[in-house]
Amino acid sequence: MTFRKFSKRAIITSLFLGILLAGSVAFAWWTAGGSGTGYAKAASASPLTTVDVSASTTADLYPGGTGTLKIQIHNPNTYAVTVTDIAATGNGTSGNPACDAANTVSMVAPLTGLSISVPAGGNSTVQTYSNAVGMNYGAAADNSCQGKTFSIPVTLTGVNS
Amino acid sequence: MARPVRSTVIAPVIAGVLAVSAIAVAGTIGQHGSITGQPAKRHLAIHGHVRHLMPGRPKILRVHVRNPLGASVAVYQLRAVVRTGRGRRGACPAQVIHIRTWKGFRKVAASSRRTFRLRIRLRKRAPDRCQGARWTIHYHARSVRL
């Protein structure tokens, strides 16, 4: 029986490749992976509210005419909001049943395309919209509405900013 | 008569097989040679959660990495993958959540725990249906034993 003799080049190549392979395997062996799970939960937005600004209204409303709408918005959330739309959800009320029955006060049209900045946890500046509110003629003339301030229920639409 | 295979091909193969065998044997002894006979744990355990995400506001996600191994490791990458979320208003895509992968080199000693801080953000223009939604996060760590 005869053994084939390895050449010098073969031995060097073998050693080199062997060390390379061993190094790769050793690295693979000594790494340690890990995995696990968790969760993330989003907060829910709190509704915007309005602030009573009745003291700053101007007495410019009369039957058949239009008047100024004043509104200030409060944002209870922890992020700033930009209000883009204001729309009435009902008629205005004065607190006087006789007046409310005789005359109807409402928004002329929804206000859209606005950009009212409301800081996180704060109030916007008082917004003034001329000719945004109208008072129609009642079925019978009623003077009980004179000097009254009307509250109009509105919905506010906005996005976080 | 078949031509004999050249020694330059056979020799590296033999050397490689020997090297792999030697390391595998050594590794087996190191991993399963415990007296109790319990199989040794080979993976890091990771968990972490965050609540009250607000659109556009980054938060810190604290991720706890526990090393149950018998040796210290150095974590060099911690990656989080978010799955589609679900809330009262329906499904919310995972794409609205962005978690930055942690990269560095931090030692976690044997049988101990360390906390990593990842930056998480809910996209500013996340849909309304994402309010109150909950997403599952899968963590993947890469580490090297020290």
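Use the structure listed above.
Here's what I pulled together on the structure shown here. (Residues numbered from 1 in each chain as written. Chains lettered and ligands numbered in written order. Predicted model: local features only at pLDDT ≥ 70, side-chain atom pairs only at ≥ 80, totals over all residues.)

On to the overall build of chain A. Counting its regular elements, chain A contains two helices and eight strands. Scanning chain A from its N terminus toward the C terminus, one meets helices and strands in the order α-β-β-β-β-α-β-β-β-β. For chain A, the proportion of its 161 residues judged to be buried stands at 19%. Taking as baseline every contact in chain A between residues at least 6 positions apart, the subset at least 24 positions apart corresponds to 82%. (Helix = DSSP H or I, 4+ residues; strand = E, 2+ residues; numbered from the N terminus. Buried ≥ 20, exposed ≤ 12 C-beta atoms within 10 Å, placed from the backbone. Contact = placed C-beta atoms within 7 Å.)

Another aspect to go through is the overall build of chain B. When helices and strands are counted, chain B shows one helix and nine strands. Ordered by position in the sequence, the α and β elements of chain B form the string α-β-β-β-β-β-β-β-β-β. Taken across its 146 residues, chain B has 25% of its residues classed as buried. Across chain B, contacts joining residues at least 24 apart in sequence account for 73% of those joining residues at least 6 apart.

All names here are of chain A. In spatial order, the strands read E2-E3-E7-E5; together these four strands make up an open sheet with antiparallel pairing. Strands with a single pairing partner mark the edges of an open sheet, and in this sheet they are strand E2 (49-51) and strand E5 (105-107). In this sheet, neighbouring strand axes are inclined to one another by 55 degrees on average, regardless of whether the strands run parallel or antiparallel. Note: E2 against strand E3 (residues 66-74), three bridges, orientation antiparallel. The residue of E3 that forms the bridge with Thr49 is His74. (Pairing = 2+ DSSP bridges. Axes fitted to C-alpha atoms, helices over the stretch in contact; angles between N-to-C directions.)

To continue, consider the environment of Val133 of chain A. All names here are of chain A. By the element assignment, Val133 lies in strand E7 (residues 127-135). For Val133 and Gly65, which are 68 residues apart along the polypeptide, the C-alpha to C-alpha distance reads 8.5 Å. In contact with Val133, not counting residues within four places along its chain, are Leu61, Thr66, Gly67, Leu69, Val105, Met107, Val108 and Ile152.

What follows deals with the pairing of strand E2 (residues 58-67) of chain B. Residue and element names in this part refer to chain B. Here strand E1 (residues 44-53) runs beside E2; their pairing, made up of three bridges, is antiparallel. For Ala45, the partnering residue across the bridge sits in E2 and is Arg66. Joining the antiparallel neighbours E1 and E2 is a turn of four residues, in which Gly56 adopts a positive phi near 80 degrees. Strand direction decides the pairing type here: E2 and strand E8 (residues 112-122), joined by ten bridges, are antiparallel. By the bridge assignment for E8, Asn67 is matched with Ser112.

Turning our attention to unusual backbone geometry. In this structure, Asn131 of chain A takes a positive phi of about 55 degrees despite not being glycine. The residue Asn131 of chain A is located in strand E7 in this model. Asn131 of chain A gets classed as exposed once you count the C-beta atoms within 10 Å, which come to 12. The phi angle at Ser111 of chain B is positive, at roughly 55 degrees, despite the residue not being glycine. On the basis of neighbour counts, which here come to 13 C-beta atoms within 10 Å, the residue Ser111 of chain B falls in the partly exposed class.

Below, the discussion takes up the sheet that holds strand E8 (residues 154-160) of chain A. Sheet strands associate in pairs through backbone hydrogen bonding, adopting either a parallel or an antiparallel arrangement. Residues and elements named next belong to chain A. If you walk across this open sheet you meet the three strands as E6-E4-E8, and the pairing is antiparallel. The open sheet has two edge strands, strand E6 (116-118) and E8, and neither has a second partner. Taken pair by pair, the neighbouring strands of this sheet meet at an average axis angle of 40 degrees, ignoring direction. Relative to E6, strand E4 (residues 81-88) runs antiparallel, the two being bridged by three bridges. Bridging from a neighbouring strand, Thr82 pairs with Ser117 of E6.

No statement about biological role is implied by the geometric values presented.
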